[in-house]
Amino acid sequence: MDTSDTAPPSPQRAIGVDVGGTRTKIGLVSADGSLGIPYSLPTPRDPRELCAMIARETTSLGERAGVGCEVPVGVAVPGIIDEDREVVELAVNLGWKDLALGAMLREALSAPIALGHDVRAGGMAEAAWGTGKLLPQRRLPDSGNLPPLADLLFVPIGTGIAAAVVHDGKVFGDRFTGEIGQVMVEEPYTGKRMRLEEVASASAIGRRFAEQIDHDAHALVTTDGGRPAARAVVDLAREGHPGAERILVSALDTLGQALATIISSVGTLPVVIGGGLAEGGSIVLDTLRGAIQSRLGVVPTPPVLPSSLGMWAGCQGAALLGMSRAIAEAPSSSDAPGPAADKAPRPSDHEAAR
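Report follows, based on the coordinates. (Residues numbered from 1 in each chain as written. Predicted model: local features only at pLDDT ≥ 70, side-chain atom pairs only at ≥ 80, totals over all residues. Heavy atoms only, no water.)

1. Brief notes about the pairing of strand 4 (residues 73–77)
Counting buried positions along strand 4 gives 5 out of 5 residues, so the element sits mostly inside the fold. Relative to strand 4, strand 1 (residues 13–19) is paired through 4 bridges, and the arrangement is parallel. Looking at the pairing, G16 lines up with G74 of strand 4. (Buried < 20%, exposed > 50% of the residue type's maximum accessible area, 1.4 Å probe, protein only. Helix = DSSP H or I, 4+ residues; strand = E, 2+ residues; numbered from the N terminus. Pairing = 2+ DSSP bridges.)

Here it is in structure tokens:
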């Protein structure tokens, strides 16, 4: 059988690193998506300190898990990322601009490295191992034993809002795709123009409730007993609090406008909501679907579903990036030596993975 075009197998495990504005999540991810030894640490502001921490922690995690240094490491970061050049063009929450993070990581780590965008990575993980498993999935040719991906629109709602479109077995778009939180909208009650994430993010919902409804609820702006701020507003709305319901519904209605525009452009992909707001249940999901439906006209309304992977989607997606990069960088069988090289030693597993 001719195997000249057969893709090399993907590694069975990879380490995922999800760099957040305040904390960095790390875990060992298997080819079936299962997450082992997950933990998080404060994110250093200095990028060289961050790279040193990633090198130290991934080495320690590999030793604890009994895996070698050849295990790929995928790193997902927020902001505007040029994944081809491995450059972070802008990450406001981290204070980075035109940062050659990929080169810095390669200086610090000996393992195979992949660098990508946190939301696009999370979308891949959801499409492969999360809610995507409930939907039809597609495997790309030459993808080795990487998991198939479902078509979906992944929208994590946290401190900010972004989106990732997964279609035909891959993530769609360039480095600017999905920055919907930066789209200018009108605040529903003041008419003031502001960014979407200043109206409909989890932190914005808590802030707007404190500003417009209950000035003593300052704690809701950032947290509520360790939960995302919006969850407290969701709980109040579910109990019938009219002010909380007004703030929540107006936020979801504004978000629905943006998502309806995306859906009418790319097709009726299932919408998967991530972040703490996704745990709000029907009062969030049904309200958001209604807001989308009211604007689509003849376009069918897709289902609106909660994320299955939750807060670890970015970490698992980062590991999937690492597995994908290992596939891309591995030599194909067409590069194998001819008969004259039959006596050459077999490459080590490390060399094969690279």
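After that view, the rundown keeps rolling.
2. Some remarks on the sheet that holds strand 6 (residues 87–91)
In space, the 3 strands of this open sheet follow the order 5-6-7, with antiparallel pairing throughout. The outermost strands of the open sheet, each flanked by one partner alone, are strand 5 (80–82) and strand 7 (96–99). Within the sheet, the average angular offset between the axes of one strand and its neighbour, ignoring direction, is 15°. Bridging between strand 6 and strand 7 involves 3 bridges; their strand directions are antiparallel. Within strand 7, the residue paired with A91 across the bridge is W96. (Axes fitted to C-alpha atoms, helices over the stretch in contact; angles between N-to-C directions.)

3. Let's talk about the side chain of K25
Secondary-structure assignment places K25 in strand 2 (residues 23–30). Within the buried core, K25 has no salt-bridge partner, and the shortest N-O distance to an opposite charge, that of D18, equals 4.5 Å. In contact with K25, other than residues within four places in its own chain, are G16, V17, D18, Y39, S40, M311, W312 and C315. (Lys, Arg positive; Asp, Glu negative; His and termini not counted. Salt bridge = Lys/Arg side-chain N within 4 Å of Asp/Glu carboxyl O. Contact = heavy atoms within 4.5 Å.)

4. So, unusual backbone geometry
Positive phi is not limited to glycine here, since I37 has a value of about 50°. Of note, I37 is situated in strand 3 (residues 35–42). Looking at I37, the relative accessible area reads 28%, which means it is partly exposed. Not every positive phi belongs to a glycine, and D168 is a case in point at roughly 55°. Tracing the sequence through the fold places D168 in the loop between strand 12 (164–167) and strand 13 (170–171). A residue is classified by how much of its surface remains accessible, and D168, at 33% relative accessible area, is partly exposed.

5. What about the packing of aromatic side chains?
One pair of aromatic rings is described through two measures. These are the centre distance and the angle between the planes. All told, the structure shown has 0 aromatic pairs when counted by the stated rule. Above the face of the Y189 ring, R246 is positioned so that its terminal group lies 4.2 Å from the ring centre. (Phe/Tyr/Trp six-rings, centres within 6.5 Å; stacked < 30°, edge-to-face > 60°. Lys NZ or Arg CZ within 6 Å of the ring centre and 35° of its normal.)

6. Some thoughts on the sheet that holds strand 11 (residues 152–156)
Here 5 strands make up an open sheet; going across it, the order is 13-12-11-16-17 and the pairing mixed. The sheet is open, and its two borders are formed by strand 13 and strand 17 (304–306), each paired with just one other strand. The pairing of strand 11 with strand 16 (residues 271–274) spans 4 bridges and is parallel. Following the sheet pairing, L153 is matched in strand 16 by V271. Packing of helix 7 (residues 242–266) onto the sheet brings it into contact with strand 11, strand 12 and strand 16, and relative to strand 11 it is tilted by some 160°. The sheet strands contacting helix 8 (residues 282–296) are strand 16 and strand 17, and the helix crosses strand 17 at an angle near 155°.

7. As for the side chain of T131
Mapped onto the fold, T131 is located in the loop between helix 3 (118–129) and strand 9 (137–138). A distance of 2.8 Å separates the side chain of T131 from the backbone oxygen of P306, its partner in a polar contact. The contacts of T131, once residues within four sequence positions are left out, are E126, V272, L305, P306, S307 and S308. (Polar contact = N/O pair within 3.5 Å; in protein donor to acceptor, adjacent residues only side chain to side chain.)

8. Focus on the nonpolar core
Membership of the largest hydrophobic core comes to 41 residues, with the highest contact counts inside it found for L153, V155, L259 and I273. Per-element accounting of this core gives the leading share, 11 residues, to helix 7. Contact partners of V155, with chain neighbours within four places excluded, come to I161, A162, A163, I180, L259, V271, V272, I273 and G274. Counting 30 residues, the second largest nonpolar core, distinct from the first, contains Y39, M53, V67 and L115. (Core = buried A, V, L, I, M, F, W, Y, C linked by side-chain atoms within 4.5 Å.)

9. A closer look at helix 7
Between its first and last C-alpha atoms helix 7 spans 36 Å; for 25 residues at 1.5 Å apiece the expected length is 36 Å, and the two agree. Following helix 7 by one or two positions, G267 adopts a phi angle in the positive range, close to 115°. (Expected span 1.5 Å × (residues − 1).)

10. Overview of the pattern of salt bridges
A complete count under the given rule lists 15 salt bridges for this structure. For R48, the salt bridge goes to E107, with nearest N and O atoms at 3.9 Å. Residue R48 is found in helix 1 (residues 47–65), and its partner E107 is found in helix 2 (residues 101–108); the two are separated by 59 residues along the sequence. Residue R48 shares its accessibility class with E107, and that shared class is exposed.

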